[in-house]
Amino acid sequence: MAEGDYFKIGSLLSCKTCYGEKVEGEVMAFDHQANSLILKSPSSELSGTFDVHLINLDKISDVQVLKEPDQPPSTLSQLNYSKLVQRTRENVGNKQRQINYIGIGVTPEGQKLFNAITKTITDVRWEKTNIVVMDQIIITAPYGKDDCLTTKGSSTQAGQALEHVQKIIEKHQRDSETPTS
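Summarised in this report is the structure supplied together with it.

Here is what the cut-offs are and how they apply
- Residues numbered from 1 in each chain as written.
- Predicted model: local features only at pLDDT ≥ 70, side-chain atom pairs only at ≥ 80, totals over all residues.
- Heavy atoms only, no water.
- Helix = DSSP H or I, 4+ residues; strand = E, 2+ residues; numbered from the N terminus.
- Rg over C-alpha atoms; globule rule 2.2 N^0.38 Å.
- Buried < 20%, exposed > 50% of the residue type's maximum accessible area, 1.4 Å probe, protein only.
- Contact = heavy atoms within 4.5 Å.
- Lys, Arg positive; Asp, Glu negative; His and termini not counted.
- Charge placed at Lys NZ, Arg CZ, Asp CG, Glu CD.
- Pairing = 2+ DSSP bridges.
- Phe/Tyr/Trp six-rings, centres within 6.5 Å; stacked < 30°, edge-to-face > 60°.
- Salt bridge = Lys/Arg side-chain N within 4 Å of Asp/Glu carboxyl O.

Looking only at helices and strands, the chain has 3 helices and 9 strands in total. Counting from the amino terminus, helix and strand elements in the chain follow one another as β-β-β-β-β-α-α-β-β-β-β-α. Against the globule reference of 16 Å for 181 residues, the chain gives a C-alpha radius of gyration of 26 Å, more extended than a compact globule. Counting every position in the chain, which comprises 181 residues, the buried fraction comes to 28%. Long-range contacts, defined as pairs at least 24 residues apart, comprise 37% of the intrachain contacts of the chain with a sequence gap of at least 6. Computing the positive centroid from 20 side-chain charges and the negative centroid from 23, the chain places the two 5 Å apart.

What follows is the structure in structure tokens.
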């Protein structure tokens with residue numbers, strides 16, 4: 001790409017990668033120094049949404065400008081900073097929880113059961129090699145239905161929690177036994 005070459009925001013481009021993949025879309029951004037381009041194209045998955053492609057122009061074998069923009073680019077809308085901060089905090093919290101979801105010194109089956117439980121109950125943690133659910137249920141190795149006990153005695157709530165966790169374990173064991181096709 002020559003020094004004076006650039007792509008105007010709003011242009012419609014068709015790019016062919018060195019792997020033979022074709023990407024078409026509207027130019028959202030272009031960085032000459034980084035030799036990169038961001039294209040927006042209608043999503044193939046969900047109507048009314050867009051896919052955004054970050055393209056390294058070093059990996060592009062052919063670029064064609066399909067249409068130049070008719071008017072200058074519109075001004076960018078204001079970002080809701082507090083919403084972005086909140087979303088970032090939630091995502092960081094989710095990632096930290098996922099890190100804590102990894103058991104150390106546990107069997108693969110125990111980790112799979114733990115993952116299955118976290119799909120329906122988020123208040124789950126490892127305590128050494130035991131799975132602790134809602135601070136009410138402890139599941140010990142080998143992590144079967146009969147390896148569950150309550151920590152809160154025989155209260156109605158603890159009994160209901162125990163039944164619920166045992167159902168999750170039963171379903172997990174059924175699903176693990178069923179061969180996938």
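That shown, we press on.
Below, the discussion takes up the pairing of strand β6 (residues 124–127). The alternating pattern of β6 places Val 124 and Trp 126 on a buried face, while none of Arg 125 and Glu 127, on the opposite face, is buried. Two strands pair when backbone bridges link them, and β6 and strand β7 (residues 130–133) are joined in this way by 4 bridges, in the antiparallel orientation. The residue of β7 that forms the bridge with Val 124 is Val 133. Between β6 and the antiparallel strand that follows it, β7, lie 2 residues; Lys 128 among them carries a positive phi value of about 60°.

With that out of the way, let us pick up the packing of aromatic side chains. Within the structure shown, the criterion is met by 4 aromatic pairs. Arranged with centres 4.8 Å apart and planes meeting at 15°, the rings of Phe 114 and Trp 126 form a pair that is stacked. Taken together, the positions of Phe 114 in helix α2 (residues 108–118) and Trp 126 in strand β6 put the pair 12 residues apart, joining distant regions of the chain. An identical accessibility class is assigned to Phe 114 and Trp 126; each is buried.

In the structure shown here, the tally under the stated rule is 6 salt bridges. Between Lys 22 and Glu 24 there is a salt bridge, with its nearest N and O atoms 3.4 Å apart. What makes Lys 22 exposed here is its relative accessible area of 57%. In this structure Glu 24 comes out as partly exposed when scored by relative accessible area, which is 38%. A salt bridge links Glu 127 to Arg 125, with the shortest nitrogen-to-oxygen separation between them at 3.1 Å.

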